[in-house]
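Analysis of the macromolecular model
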Amino acid sequence: MISSGSVVQNIVVARPLGAVYPLVADAAQAVRSAPPVVHVRYVEHGDGGDLIERWTVEDGAIRSWRAARWLDPAAGTVRFEQRPPQPPVLELGGRWRMTALAAEETRVELRHEWRVTGDGAPVEARLRRGTGMQLEAVKRLAEEDGWDLVHEESVLLHRDARDVEAFLSDARAWPGNVAGRAGVRAVSGDPGRQVVEVRTEDAGTLRRAHVWIPGTGLVWKDLGPLPGGCRMSWGNLTVRPVTGGTLVTSRHAARLAPGSTAPPPVPAPIPPLGALEEPAR
């Protein structure tokens, strides 16, 4: 049996079209706005279109897929198609359409069309939840006058880069206690894609999605609970061979609410692999 259908939802954003469209056209903005989106990578990037890979957390598991996109700023549209579709899905695509209603008001419409093998009800339910979440995320990012806090530091590890990469890709191998943390442990997933529990000494316990991407490093996203005033918290650990060992750089970014003075969650720790030197400026 083959099932097919579509899901269409829209939302009105109190911002001009010229400010809203770039938030959708730049696929990486979803990391700053949508809680389940862990990371977005551009596989190909050309005039009028691209191919992206996106990692998200759904029902406690990390999944990824690729989508081709076609951008038409003049028409206010971004069309997309999953490539390849993931079984039981046979076809999955859709379109963002942004229409100016007034100088400071834009209607954002998101449409999904799908064809699946078997019962399509679970797919439709998931798409309805996801469509609403994505629209709310764009509205919040466009309208809220929040700000981003970014912190970066590097350390030199006297270890081979391949050993460091192997260690970082699997949190099960991390020590039970890391400096500044009461504990770090993998609670689900396989090496390369794990949901990790971080117990801090002063901020309680939070969950974090870890994704190891060869050539990119370890990317992560906090799943919560987040402190008041912190909308999103994410970052990455990159590995680079250098003379004398391996340079590991930790980057932590947080999206904070307007006027927030609350500190964001703790950044991803750099596990103590070998002797550490002074953090690089």
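Presented here is an overview of the structure given in this document. Note that the coordinates shown come from a computational prediction; the quantities given were computed from them, not determined experimentally.

If you walk across this open sheet you meet the seven strands as β1-β7-β6-β5-β4-β3-β2, and the pairing is antiparallel. Sheet topology places β1 (2-13) and β2 (37-46) at the edges, where each strand pairs with a single neighbour. Put simply, the sheet's adjacent strands are angled 20° from each other on average, direction ignored. Across twelve bridges, the pairing between strand β6 (residues 89-102) and strand β7 (residues 105-117) is antiparallel. Looking across to β7, one finds that M98 is bridged to V108. Of the strands in this sheet, β1, β2, β4 (61-72), β5 (77-82), β6 and β7 are in contact with helix α1 (residues 17-25), which crosses β6 at around 165°.

As a further point, take the environment of E165. The residue E165 is located in helix α4 (residues 161-168) in this model. In this structure E165 comes out as partly exposed when scored by relative accessible area, which is 31%. Excluding residues within four positions of it along the chain, E165 makes contact with W212 and V239.

Turning our eyes to something else, we now look at the packing of α1 against helix α3 (residues 121-143). Packed helices, taken two at a time, are described by their axes: the angle between them and the distance between them. Between α1 and α3, the shortest axis-to-axis distance is 10 Å and the interhelical angle comes to 130°. With respect to α3, the axis of α1 lies oblique. Judged by the twist between their axes, the crossing of α1 over α3 is right-handed. Contacts from V20, L23 and V24 in α1 reach V138, L141 and A142 in α3. The class makeup of the residues in the contact of α1 with α3 is six nonpolar, no polar and no charged.

Here we come to the pattern of salt bridges. In the structure shown here, the tally under the stated rule is 15 salt bridges. The partner of E53 in a salt bridge is R66, with the nearest N and O atoms 3.4 Å apart. Here R66 lies in strand β4 and E53 lies in strand β3 (residues 49-58), a separation of 13 residues in the sequence. Exposure remark for E53: the relative accessible area of 12% places this residue in the buried category. A salt bridge links D148 to R255; the nearest nitrogen and oxygen atoms lie 3.0 Å apart.

Looking now at the nonpolar core. Buried together is how nonpolar side chains tend to be arranged in soluble globular proteins. Within the largest apolar cluster, 16 residues are counted, with the highest numbers of intra-cluster contacts made by V164, L168, W174, V239 and V248. Of all the secondary-structure elements, those providing two or more residues to this core are β8 (147-157), α4, β10 (193-200), β11 (205-213) and β13 (230-242). Looking at this core element by element, the count peaks at four residues for α4. If we ignore the near neighbours within four places in the chain, the residues touching V239 are A161, V164, E165, L168, W212, T246, L247 and V248.

Engagement of the side chain of E53 in a polar contact is seen with the side chain of R41, the distance being 2.7 Å. At a separation of 3.4 Å, a polar atom in the side chain of E53 contacts the side chain of R66. Setting aside its immediate chain neighbours within four residues, E53 contacts H39, V40, R41, V43, S64, W65 and R66.

This part takes up the packing of aromatic side chains. Evaluated as defined, the whole model comprises zero aromatic pairs. Above the plane of the ring of W220 lies R208, whose end atom (NZ or CZ) is 4.0 Å from the centre.

A few words on α4. Those residues of α4 not exposed but buried are A161, V164, F167 and L168. For α4, the buried positions fall inside an angular range of 125° around the axis, keeping them on one side. On its buried side, α4 packs onto β8, β11, β12 (217-224), β13 and β14 (245-256). Of the residues that open α4, the one with a side-chain oxygen 2.9 Å from the backbone nitrogen of R162 is D160.

Basis of the calculations
Residues numbered from 1 in each chain as written. Predicted model: local features only at pLDDT ≥ 70, side-chain atom pairs only at ≥ 80, totals over all residues. Heavy atoms only, no water. Pairing = 2+ DSSP bridges. Helix = DSSP H or I, 4+ residues; strand = E, 2+ residues; numbered from the N terminus. Axes fitted to C-alpha atoms, helices over the stretch in contact; angles between N-to-C directions. Contact = heavy atoms within 4.5 Å. Buried < 20%, exposed > 50% of the residue type's maximum accessible area, 1.4 Å probe, protein only. Parallel < 35°, antiparallel > 145°, perpendicular 65-115°, else oblique. Left-handed = near helix turned anticlockwise from the far one by under 90°. Nonpolar A, V, L, I, M, F, W, Y, C, P; charged D, E, K, R; others polar. Salt bridge = Lys/Arg side-chain N within 4 Å of Asp/Glu carboxyl O. Core = buried A, V, L, I, M, F, W, Y, C linked by side-chain atoms within 4.5 Å. Polar contact = N/O pair within 3.5 Å; in protein donor to acceptor, adjacent residues only side chain to side chain. Phe/Tyr/Trp six-rings, centres within 6.5 Å; stacked < 30°, edge-to-face > 60°. Lys NZ or Arg CZ within 6 Å of the ring centre and 35° of its normal. Arc of directions from axis to C-beta.

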